[in-house]
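Structural features, examined
Listed here are the chains, written in short residue letters.
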Amino acid sequence: MSLHDEAVLELKAYDGQERLRQAYLDHLAAHPDGMWKACGAGHLTASALVIDPERGRVLLTLHRKLRMWLQMGGHCEPGDATLRDAALREATEESGIAGLSLVPGGPVRLDRHPIPPPCHCHFDVQYAALAPPGAVQEISDESLDLRWFRYDEVAGVADESVVRLLEAARARL
């Protein structure tokens, strides 16, 4: 089964944000290349908020291009069998933390947002990833900085999309 078909199945199973979920499904139906960065009409991305629930904190990256504090994430790659795989790969690559595990139950949120060209629009499928005990992060070349923030600090450094993702992730825990 292709990543496109797997994404459709996962989105159909997602329980929440009905109008946005349907917009994602409509996009994939209209654009067979809607999983890939080359799709000029926008494309799906996969991200994961790395959480350390024992310490009440999340790991955010200062995105090199956007210069914003965000969760880990990015474009799907041909080796990704599912959106879950893409989200976990991106979180691992960008955090440098081995042994991350996605919170069960599939995506915790969807977020569609404009992006500067050439991407134009991301249909982001957002997951939550649990950091293993004693996790040590290592910055990647995609980030300007990588830092742990207490739950109550996130609203002061990140935009509303990250705050909503944190709320949804904590509700899932």
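Everything that follows concerns the structure shown earlier in this document.
Bear in mind that the values here come from a model prediction, so they are computed numbers and not experimental data.

Assigned secondary structure in the chain consists of 5 helices and 8 strands. Secondary structure elements in the chain, listed N-terminal to C-terminal, are α-α-β-β-β-β-α-β-β-β-β-α-α. Against the 2.2 N^0.38 benchmark of 16 Å for 173 residues, the chain shows a C-alpha radius of gyration of 15 Å, consistent with a compact globule. For the chain, the spread of C-alpha atoms along the principal axes amounts to about 45 × 30 × 30 Å. Every one of the 173 residues in the chain was classed for burial, and the buried ones make up 51%. Put simply, the chain shows about 8400 Å² of open surface, and 52% of that area lies on carbon and sulfur atoms. Placing the 18 positive and 26 negative side-chain charges of the chain at their respective mean positions leaves the two points 4 Å apart.

Let us look at the packing of helix α1 (residues 3–13) against helix α2 (residues 18–30). The interhelical angle for the contact between α1 and α2, taken along N-to-C directions, is 160°, at an axis separation of 10 Å. The pairing of α1 with α2 is recorded here as roughly antiparallel in orientation. As for the relative orientation of α1 and α2, their crossing is left-handed in sense. Side by side, α1 and α2 meet where H4, A7, V8, L11 and K12 of the first sit next to R21, Y24, L25 and L28 of the second. Tallied by class, residues from the contact of α1 with α2 come to 6 nonpolar, 1 polar and 2 charged.

Where burial is concerned, most of strand β2 (residues 57–63) is hidden: 6 out of the 7 residues are buried. Of the strand pairs in this sheet, strand β1 (residues 43–52) and β2 are connected by 3 bridges, and their pairing is antiparallel. Within β2, the position partnered with I51 by the bridge is V58. Counted between consecutive antiparallel strands, the loop separating β1 from β2 contains 4 residues, among which G56 sits at a positive phi close to 60°. Two elements, β2 and strand β8 (residues 143–150), share 7 bridges in a ladder whose sense is antiparallel. In the strand pairing of β8, R57 is matched with R150.

A few words on the pattern of salt bridges. This model, assessed by the stated rule, comprises 13 salt bridges. Each of E77, D80, R89, E90 and E93 takes part in salt bridges that share partners, so that together they form one network.

The end-to-end C-alpha distance of helix α3 (residues 83–95), which contains 13 residues, comes to 18 Å, matching closely the 18 Å that a straight helix rising 1.5 Å per residue would cover. Buried within α3 are the following residues: L83, A86, A87, R89, E90, A91, E94 and S95. Its buried side turned inward, α3 meets α1, β1, β2, β4 (72–75), β7 (120–130) and β8. The N-terminus of α3 is capped by T82, whose side-chain oxygen sits 3.4 Å from the backbone nitrogen of R84.

Of note, the phi angle at Q17 is positive, near 45°, even though the residue is not glycine. Within the secondary structure, Q17 is located in the loop between α1 and α2. Backbone geometry at R67 places phi at a positive 55°, although glycine is not the residue there. Considering the arrangement of structural elements, one finds R67 in the loop between β2 and β3 (69–70).

Moving on, we get to the environment of C121. Tracing the sequence through the fold places C121 in strand β7. Overall, C121 belongs to the buried group, its relative accessible area being 16%. Sequence spacing of C121 and A41 is 80 residues, and the spatial spacing of their C-alpha atoms is 7.1 Å. Not counting residues up to four positions away in its chain, the partners in contact with C121 are A41, G42, H43, R112, H113, P114 and I115.

What counts and how
Residues numbered from 1 in each chain as written. Predicted model: local features only at pLDDT ≥ 70, side-chain atom pairs only at ≥ 80, totals over all residues. Heavy atoms only, no water. Helix = DSSP H or I, 4+ residues; strand = E, 2+ residues; numbered from the N terminus. Rg over C-alpha atoms; globule rule 2.2 N^0.38 Å. Buried < 20%, exposed > 50% of the residue type's maximum accessible area, 1.4 Å probe, protein only. Areas by Shrake-Rupley, 256 points an atom, 1.4 Å probe, with all protein chains shown as cover. Lys, Arg positive; Asp, Glu negative; His and termini not counted. Charge placed at Lys NZ, Arg CZ, Asp CG, Glu CD. Axes fitted to C-alpha atoms, helices over the stretch in contact; angles between N-to-C directions. Parallel < 35°, antiparallel > 145°, perpendicular 65-115°, else oblique. Left-handed = near helix turned anticlockwise from the far one by under 90°. Contact = heavy atoms within 4.5 Å. Nonpolar A, V, L, I, M, F, W, Y, C, P; charged D, E, K, R; others polar. Pairing = 2+ DSSP bridges. Salt bridge = Lys/Arg side-chain N within 4 Å of Asp/Glu carboxyl O. Expected span 1.5 Å × (residues − 1). Polar contact = N/O pair within 3.5 Å; in protein donor to acceptor, adjacent residues only side chain to side chain.

Coordinates in, geometry out; function isn't part of it.
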